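Residue strings, one per chain:
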Amino acid sequence: MRSLFNKHTNVPRSRGASNASSLSVIAGSAVVYCVTCDQPLSSRCLINGAHRDHRLKDLKDTVHDQVKRLNDLSGKLTSRKRKFGNLTPKIEAAERELEDLCSQTQELLQNEYSTLMSLIEQNRQQAFFILNAQKETMKRQLHQLYEDIHNYQSKSTNIVEEIEEVNRKQDSENPSSLLGEINALETSLHTMNEFYSSVDKKLKVDNTRLKALENSIKKIVEKNKELLPRPWEFSETITLDESKVQGNVQISEDKTQMSLSPSNSLSMPSPWKSTQASQSFRNGLHYWEVAVGGCESWAVGVVENSRVNGIQTAGNEKNIWILECDGGELSVMHNNDFSTVKESNIETLGIFVDCDKGRLKFYNVNTGSILHSFFAHFKHAVFPMFRMRAQKDSLAQLKICNLVERDNIQIMSSDMSVISESLNEDAMELSSESSN
């Protein structure tokens, strides 16, 4: 369904084309539908006994039920489309709010930095660079939202027409041949309904990063040299590696978001699905952030020296260091050893790695606190890694929050070259101690 979406939107595209073709082969010879496994079964599947105790259902009844579900989703889409008919005034208001928030933040930063100007002038310039880059990024997101609304409004009309065609064909064509088309339409409807349900949130200017910047500068004022530099000074542009994706994970066009469609399983928890970044780090200091609020079960960290296909599965955790949230509980893991983390309710996670000293730190971006620190001797390059489970009733999503574009990071890194190595080392130690 990639043709439905504008090239520059962040609508996920499926990495499961091969899975779709496999499903059509199975469906073509299907004789019954397994509700437990959520898939059609051939006579061979029934003979081998793998589904002996599962709940089975007639294929035609399954098609009718799924068409009803498509109609329900279509109704929600039509209602949300009508609600958000003209967003221009709201987007303009949101942009004015963004300007006001950024102006207030800039004033606060200027007041705080006035006491430190002679000592950390270079750091002040870098902080404002982050602020302005974030403002421009959020502006682009608002402008993109405006374009996305127009794209979705036109595409939703096509989806409704396709569903009407399925309704006409459901009693005249082979039910098994319709399953692939129904599944594709259902995925598109989930995606579009998720988009419309998120519009209100996207219209509200997210000042989390601005507040995080304010909190960081306040700590610098309180501790002066002790807290310099901050992890975000080593921000990296991270993108997901599509060749390292497991299963039916969908990757957004800009390769910063991974998504899983809702699970149909009623009994067993969904399996973990993993991927990793295209970038790897062998030396130096690096930092990135991940929005984890859109996923109930997730794990974020690094994997060392990726192997064939780059991904290790759960149960083979020797060369990974991760912070995991599963069932609302936070824990850290390495070598299959778990340790519980007390803090919870993480919306945005910061990851800092010092490859030369073998240090990995996880931050709660909202509070600036350190959740956990690993001390490890990395023998090889480390790749940022990401893991998630599908959840019921809604898309599961992880989003990489790149603070600035790669070109800007290179310019910023050049500007920061005057900071001495001794200051970096001492400040990171003091920052960790004071945060703990």
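Residues numbered from 1 in each chain as written. Predicted model: local features only at pLDDT ≥ 70, side-chain atom pairs only at ≥ 80, totals over all residues. Heavy atoms only, no water.

**As for the sheet that holds strand β2 (residues 30-34)**
Here comes step 1: On the basis of which strands lie adjacent, the open sheet formed by three strands has the order β3-β2-β4 and antiparallel pairing. Pairing within the sheet leaves two strands with one partner each, and these edge strands are β3 (39-42) and β4 (56-57).
Here comes step 2: Two strands pair when backbone bridges link them, and β2 and β3 are joined in this way by four bridges, in the antiparallel orientation. Paired with Val32 across the bridge in β3 is Leu41.
Here comes step 3: Contacting β2, β3 and β4, helix α3 (residues 59-83) crosses the sheet at an angle of about 55 degrees to β2. (Pairing = 2+ DSSP bridges. Helix = DSSP H or I, 4+ residues; strand = E, 2+ residues; numbered from the N terminus. Contact = heavy atoms within 4.5 Å. Axes fitted to C-alpha atoms, helices over the stretch in contact; angles between N-to-C directions.)

**Looking at the packing of helix α4 (residues 88-113) against helix α8 (residues 208-223)**
Here comes step 1: Where α4 meets α8, the closest approach of the two axes is 10 Å, and the angle between their N-to-C directions is 5 degrees. In terms of orientation, α4 lies roughly parallel with respect to α8. Residue-level inspection shows Leu101, Cys102, Thr105, Leu108, Leu109, Glu112 and Tyr113 of α4 in contact with α8, the latter providing Leu210, Leu213, Glu214, Ile217, Lys218 and Val221.
Here comes step 2: Looking at side-chain class alone, the contact of α4 with α8 contains nine nonpolar, one polar and three charged residues. (Parallel < 35°, antiparallel > 145°, perpendicular 65-115°, else oblique. Nonpolar A, V, L, I, M, F, W, Y, C, P; charged D, E, K, R; others polar.)

**Describing a nonpolar patch on the surface**
Here comes step 1: On the surface, a nonpolar cluster with roughly 230 Å² of combined accessible area is contributed by Val31, Leu46 and Leu56.
Here comes step 2: Within the secondary structure, Val31 is located in strand β2.
Here comes step 3: The class for Val31 is partly exposed, based on a relative accessible area of 47%. (Patch = residues over 30% accessible without salt bridge, like charges linked within 9 Å, V, L, I, M, F, W, Y side chains within 5 Å. Areas by Shrake-Rupley, 256 points an atom, 1.4 Å probe, with all protein chains shown as cover. Salt bridge = Lys/Arg side-chain N within 4 Å of Asp/Glu carboxyl O. Buried < 20%, exposed > 50% of the residue type's maximum accessible area, 1.4 Å probe, protein only.)

**Here we look at the UniProt feature "coiled-coil region" (unreviewed entry) in the protein**
Here comes step 1: Within the UniProt annotation, "coiled-coil region" (unreviewed entry) is assigned to residues 135-169.
Here comes step 2: In residues 135-169, the share of helix is 100% and the share of strand is 0%. The end C-alpha atoms are 50 Å apart. (UniProt positions renumbered as here; feature names shortened; annotations may be inferred.)

**As for the pairing of strand β12 (residues 337-341)**
Side chains on a regular strand alternate between the two faces of the sheet.
Here comes step 1: Pairing geometry for strand β11 (residues 329-334) and β12, over five bridges, is antiparallel. Directly across from His334, in β12, lies its bridge partner Asp337.
Here comes step 2: Following β11, the chain reverses through two residues before pairing antiparallel with β12; Asn335 in that reversal takes a positive phi of roughly 55 degrees.

**Some thoughts on unusual backbone geometry**
Here comes step 1: Its identity is not glycine, yet Lys255 carries a phi of approximately 60 degrees, on the positive side.
Here comes step 2: Assignment of secondary structure puts Lys255 in the loop between β5 (250-251) and β6 (257-260).

**Notes on the sheet that holds β12**
Here comes step 1: The sheet built from six strands is open, its strands ordered β7-β16-β9-β10-β11-β12 with antiparallel pairing. Strand pairing shows two members of the sheet lacking a second neighbour, β7 (273-276) and β12, which therefore form its edges. Mean inter-strand twist for the sheet, computed between neighbouring axes without regard to direction, equals 20 degrees.
Here comes step 2: Alignment of strand β10 (residues 320-326) against β11, held across five bridges, turns out to be antiparallel. Bridging across to β11, Ile322 finds its partner in Met333.

**Re the confidence of the model for the protein**
Here comes step 1: Mean pLDDT for the protein: 78, with 80% of residues reaching 70 or above.
Here comes step 2: A low-confidence stretch, residues 308-315 (pLDDT under 50), is modelled with 20 contacts involving residues beyond four sequence positions or located in other chains. (pLDDT = per-residue confidence, 0-100.)

**Overview of the environment of Asn167**
Here comes step 1: Along the chain, Asn167 turns up in helix α5 (residues 117-169).
Here comes step 2: Once the C-alpha coordinates of Asn167 and Leu70 are considered, the two residues, 97 residues apart in sequence, prove to be 9.8 Å apart.
Here comes step 3: Setting aside residues up to four positions removed in sequence, Asn167 forms contacts with Val67 and Asn71.
Here comes step 4: There is a polar contact of 3.3 Å between the side chain of Asn167 and the side chain of Asn71. (Polar contact = N/O pair within 3.5 Å; in protein donor to acceptor, adjacent residues only side chain to side chain.)

**Re the packing of aromatic side chains**
Here comes step 1: Scanning all chains against the criterion turns up eight aromatic pairs.
Here comes step 2: Look at Tyr152 and Phe195: their rings are 4.0 Å apart centre to centre, the planes differ by 15 degrees, and that puts the pair in the stacked class. Highlighted residues: Tyr152 in helix α5 and Phe195 in helix α6 (residues 175-197), separated in sequence by 43 residues.
Here comes step 3: Residue Tyr152 is classed as buried on the basis of its relative accessible area of 4%.
Here comes step 4: Summarising the aromatic geometry, the rings of Trp321 and Phe378 are spaced 5.1 Å apart at their centres and angled 90 degrees between planes, so their arrangement reads as edge-to-face. (Phe/Tyr/Trp six-rings, centres within 6.5 Å; stacked < 30°, edge-to-face > 60°.)

**Some words on the pattern of salt bridges**
Here comes step 1: All told, the structure shown has 11 salt bridges when counted by the stated rule.
Here comes step 2: Among the ionic pairs, Glu242 bridges to Lys255, the shortest N-O distance being 3.8 Å. Note that Glu242 is positioned in the loop between α8 and β5 and Lys255 in the loop between β5 and β6, a separation of 13 residues in sequence.

**Description of the side chain of Glu289**
Here comes step 1: With respect to the secondary-structure elements, Glu289 resides in strand β8 (residues 285-291).
Here comes step 2: Here Arg209 takes part through its side chain, which lies 2.6 Å from a polar atom of the side chain of Glu289.
Here comes step 3: When neighbours within four sequence positions are excluded, Glu289 is seen to be in contact with Arg209, Thr348, Leu349, Gly350, Val365, Lys399, Ile400, Cys401 and Leu403.

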